[in-house]
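In case you want the letters, here they are:
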Amino acid sequence: MAIVELKNVAKNYAQGLVKGKGDKSSNAVDNFNLVTRDGEFVVLVGPSGCGKSTTMRMIAGLERNTEGEILIGGRDVSQVPPKERDIAMVFQSYALYPHMSVADNMGFSLKLKKRPAAEIKAKIEEAAQTLGIQSLLDRKPRELSGGQRQRVALGRAIVRDPQVFLMDEPLSNLDAKLRVDMRAEIVKLHKRLKVTTFYVTHDQVEAMTMGERIVVMKDGRIQQIDTPINLYEFPANRFVAGFIGNPSMNFLRARHAEGVVSGDGYRLTLDDSHRPVVTTRNVGDVWVGIRPEHLRLSDGAATNRVEGTVDVVETLGAVTVVQLSVGEHSVTAQLPGHQKVEIGDTLTLACDSDKLHLFDTDSELAIGREPAEQSSVAAKA
Ligand SMILES: Nc1ncnc2c1ncn2[C@@H]1O[C@H](COP(=O)(O)OP(=O)(O)OP(=O)(O)O)[C@@H](O)[C@H]1O
Ligand SMILES: [Mg+2]
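Everything numeric here is computed off the predicted structure, so don't read it as measured data. (Residues numbered from 1 in each chain as written. Chains lettered and ligands numbered in written order. Predicted model: local features only at pLDDT ≥ 70, side-chain atom pairs only at ≥ 80, totals over all residues. Heavy atoms only, no water.)

Right, let's get into empty space enclosed by the protein. In total, this model carries two cavities of 30 Å³ or more according to the counting rule given. Roughly 50 Å³ of internal volume is contained in the second largest cavity. Every residue lining the second largest cavity is listed: Phe41, Phe165, Met167, Ile186, Leu189, His190, Leu193, Val195 and Thr197. Of all the elements in the fold, those that place two or more residues in the lining of the second largest cavity are strand 7 (164–168) and helix 5 (176–193). For the lining of the second largest cavity, the element with the most residues is helix 5, which contributes four residues. A class-by-class count of the residues in the lining of the second largest cavity yields seven nonpolar, two polar and no charged. (1 Å grid on protein atoms, 1.4 Å probe; cavity = no way out; pocket = protein on both sides within 12 Å on 5 of 7 lines; lining within 4 Å. Points joined across faces, edges and corners; volume = space filled by probe spheres on them. Helix = DSSP H or I, 4+ residues; strand = E, 2+ residues; numbered from the N terminus. Nonpolar A, V, L, I, M, F, W, Y, C, P; charged D, E, K, R; others polar.)

Below is the structure:
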């Protein structure tokens, strides 16, 4: 277990390769700052190419950071080679050695370290028990299912008893059902072992359910670091707001005047939580964000109204997801599953004022609402 600190960490792949290349704008990761708690489970999310794997590889020592410092357990590891960083990695391509048994695969790193045979055996057995793969120890990887192979890859990491786990999309090769099972397994494992863990995923459900804190990245930069619930309730900018939540938040380009935001087909009243807009900007353009699950059918009398014509109806059973044309905007609403809605219907929807999000049209930063406990890092999107 260890605290991991990243201070102003940046990576520029061009630097050093091509003379004169490698200005800050081409940084794959830029200005990355994070201090974990001891034993924390930190999830990195963000679109493809945003720098998640690069960050992991820098922590592992597989890439050198071109700027900043990385500390593991208080020790600056800049000059420390990967195998001396006391880190275990589980990556998407977790290639097991095909000719070795499960037990040999799991014990291989300890064998390389010339640990005594009895210790290796004991560690393999303990890890196998934790992962429920005791009966598979003599098999070869080709005799295993995808999920079992995944467990072996985890086992290989566990036996090393590392200070830090780095997992880069370890479940992406598995089918949906197995992913859910393995997700729960990894959370349980973390609760037991309490090893500081960095976990990369594309899947925001995985991020929300696994992460104690989530780092949302875009274009190499941290957008927000926060707990899952704070990310959902208090996204720091429009990017985070659109990235966290499914279906995604709706954004309406609105005109604000005297505490009312409106446009073609909608009129919404702000409340005290949006005071900065109400007081500092009496009139002006603003992005209004509304989550689909916060829209409901209205009898028409509600003060907050969104009116539109239904274009698409998706009946999912538990919920019915509807897309409407509201003026020039397309708005998604998540309604109860039993709701009868047909294409072409005109619907009036309502939304509570305290569920409205506002974003500056220039900086795209959130305006107003802030969590009681401020742990957010906001960045211009
Ligand atoms: N070895 C490399 N040399 C040059 N550029 C690289 C190298 N590895 C990654 N990059 C670039 O750095 C940026 C970040 O890549 P990275 O692999 O960290 O993204 P990612 O967030 O892990 O994406 P994905 O979700 O697709 O795995 C990308 O623009 C990528 O093209
Ligand atoms: Mg990656």
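Under the defined criterion, the tally for this structure stands at 16 salt bridges. A salt bridge links arginine 213 to glutamate 40, with the shortest nitrogen-to-oxygen separation between them at 2.7 Å. Here the residue arginine 213 occupies a position in strand 9 (residues 213–218), and glutamate 40 occupies one in the loop between strand 2 (29–35) and strand 3 (41–45), the gap between them amounting to 173 residues. There is no split in this pair, since arginine 213 and glutamate 40 are both buried. Glutamate 119 is paired through a salt bridge with lysine 123; the nearest N and O atoms lie 3.8 Å apart. Linking glutamate 119 with lysine 123, this pair stays in helix 3 (residues 117–131), spanning four residues, or about one helical turn. (Salt bridge = Lys/Arg side-chain N within 4 Å of Asp/Glu carboxyl O. Buried < 20%, exposed > 50% of the residue type's maximum accessible area, 1.4 Å probe, protein only.)

Secondary-structure assignment places methionine 249 in the loop between helix 8 (238–243) and strand 11 (250–257). Taking relative accessible area as the criterion, methionine 249 reaches 5% and is therefore assigned buried. Between the C-alpha atoms of methionine 249 and arginine 238, which are 11 residues apart in sequence, the distance is 9.3 Å. What methionine 249 contacts, discounting residues up to four positions off in sequence, is Pro235, Ala241, Gly289, Ile290, Arg291, Pro292, His357 and Phe359. (Contact = heavy atoms within 4.5 Å.)

An order of 6-7-8-3-9-10 is seen for the six strands of this open sheet, with the pairing classed as mixed. The sheet is open, and its two edges are formed by strand 6 (87–91) and strand 10 (221–226), each paired on a single side. The mean inter-strand angle of the sheet, taken between neighbouring strand axes irrespective of direction, is 15°. Taken strand by strand, helix 1 (residues 52–60) contacts strand 3, strand 6, strand 7, strand 8 (196–200) and strand 9, and its axis lies near 150° from that of strand 7. (Pairing = 2+ DSSP bridges. Axes fitted to C-alpha atoms, helices over the stretch in contact; angles between N-to-C directions.)

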